[in-house]
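Reading the structure
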Amino acid sequence: MKTTLQLSCLTVLLLCSYVNGNNTIAEPTLRNDKESCPLFGAAKGLDRTLAIRSSNIDRSYVLHLPDNYDCNSLYPVLIGLHGYTGSGSDFQHQTADMFAGLNLKGYIGVFPNATESSPGSGLTSFNDLGSRFDEGPKGPTCTTPSHAYDDFDNCPNTEQERLCHWGTSCADDLSFLRNLIDTLQMRYSIDAKRLFLTGFSQGAQTAAGLACGLQDKIAAVIPVHGFPAKGFSCGPAEKVSLFQIVGQLDQTVNGVGKESADGMIYDSATTTASVWAEEQYCAKNGSTPYPTIADGYLGWQCVEHANCASSASIVTCSWLGDHIWPRNDSRNPGLQAIWEFLSKQSK
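Residues numbered from 1 in each chain as written. Predicted model: local features only at pLDDT ≥ 70, side-chain atom pairs only at ≥ 80, totals over all residues. Heavy atoms only, no water.

Our focus in this paragraph is the overall build of the protein chain. A count of helices and strands for the protein chain gives six helices and 17 strands. Expressed as a percentage of the 347 residues in the protein chain, the buried residues total 54%. Sequence separation of at least 24 residues holds for 66% of the intrachain contacts in the protein chain that already meet a minimum separation of 6. Here the protein chain has roughly 14800 Å² of accessible surface; of this, 51% comes from carbon and sulfur atoms. (Helix = DSSP H or I, 4+ residues; strand = E, 2+ residues; numbered from the N terminus. Buried < 20%, exposed > 50% of the residue type's maximum accessible area, 1.4 Å probe, protein only. Contact = heavy atoms within 4.5 Å. Areas by Shrake-Rupley, 256 points an atom, 1.4 Å probe, with all protein chains shown as cover.)

As structure tokens, then:
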């Protein structure tokens, strides 16, 4: 049964949008002035799923404006990328549990949805770039044999012949994120110096993998339990801080330099931090203690490459966790440490 469309046009704003039963809003006409504070289909203190066209493909994202949103103020933005098979809503509500935090901290939350392997499959993935290769600058990106993940319709047929069958999307997610950021900046009151990118698992791998391509736009990247494919860590030349979280017991995405349970091989957290530190002209020794609000939670401890000439912060936090976001039913120390870190970061 087709979803009933509710059509509403606000001619005074030259804005026309539609809302369907899934709260998906079609892309309205862009405008530059914010005098009347249009929300372009968003809602203060709530989630709305909005649409945008990028690289001739219809894409969607969940947008959360803080409940105190006001066009006369500037707000930091946190973009969160979900893991393999997930969704933007999953990341915000189930993985990171940050809905309340966005309102409390006054952040605009943006949670893109990855493309599906085929229409209606429910299998989603971002394109982190590095997993497109079987062989990298430091050798193979998987062991032989390794797990063969499903193919994506937007990838060439040669995917089926690959040695390292990562099973990730071939969509142009770098352009998607750049277009999304540009659109958000035109529509909403955003602090352009405080745009942050985080993600979990394959979303974290993508956040780290696309950091160089977004270095002119973002101030910090926060990968949680996700790292670039072996040999594909890229350190931005512009000032971009790094706050990465690694689970010492994580075998799904091994961040300590060993092969993961599925045979895929990632750069270690130590390697990723060193690559970034070199570009930011930080101390080579990455063992300087970095205190956080989460210290002591299941062995949580952080270190940094100190004294970066760019004034960036390059921090690695580890804890005795498996492939899960560092939180429990009563505490969310991982997110608390992220909020604390971001409060000190700007472009």
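Before going further, it helps to examine the nonpolar core. Judged by nonpolar contacts, the single largest core of 40 residues is most densely connected at Tyr61, Leu63, Ile108, Val110, Leu180, Leu184 and Tyr188. At the level of secondary structure, the elements contributing two or more residues to this core comprise β4 (47-54), β5 (57-64), β6 (75-81), β7 (108-112), α3 (173-187), β12 (190-200) and α5 (269-279). The element that contributes the greatest number of residues to this core is α3, accounting for five residues. Leaving out residues up to four positions away in the same chain, valine 110 has contacts with Tyr61, Val62, Leu63, Val77, Leu78, Ile79, Gly80, Leu180 and Leu184. Counting 31 residues, the second-largest nonpolar core is a separate cluster that includes Ala96, Phe196, Ile222 and Tyr297. (Core = buried A, V, L, I, M, F, W, Y, C linked by side-chain atoms within 4.5 Å.)

Okay, the side chain of asparagine 127 next. Locating asparagine 127 in the fold gives a position in the loop between β9 (124-125) and β10 (135-136). Overall, asparagine 127 belongs to the buried group, its relative accessible area being 6%. A distance of 2.9 Å separates the side chain of asparagine 127 from the backbone nitrogen of leucine 129, its partner in a polar contact. Contact partners of asparagine 127, with chain neighbours within four places excluded, come to Arg132, Ser169, Cys170, Ala171, Asp173, Thr206 and Leu210. (Polar contact = N/O pair within 3.5 Å; in protein donor to acceptor, adjacent residues only side chain to side chain.)

Attention now goes to the packing of aromatic side chains. Per the stated rule, a full pass over the model turns up 14 aromatic pairs. Residues phenylalanine 200 and tryptophan 325 carry aromatic rings whose centres are separated by 6.5 Å and whose planes lie at 50° to one another, so their mutual orientation is tilted. Remark: tryptophan 325 occurs in the loop between β17 (314-319) and α6 (333-342) and phenylalanine 200 occurs in strand β12; sequence separation between them is 125 residues. One cation-aromatic arrangement involves arginine 59 over phenylalanine 176; the distance from NZ or CZ to the ring centre is 3.9 Å. (Phe/Tyr/Trp six-rings, centres within 6.5 Å; stacked < 30°, edge-to-face > 60°. Lys NZ or Arg CZ within 6 Å of the ring centre and 35° of its normal.)

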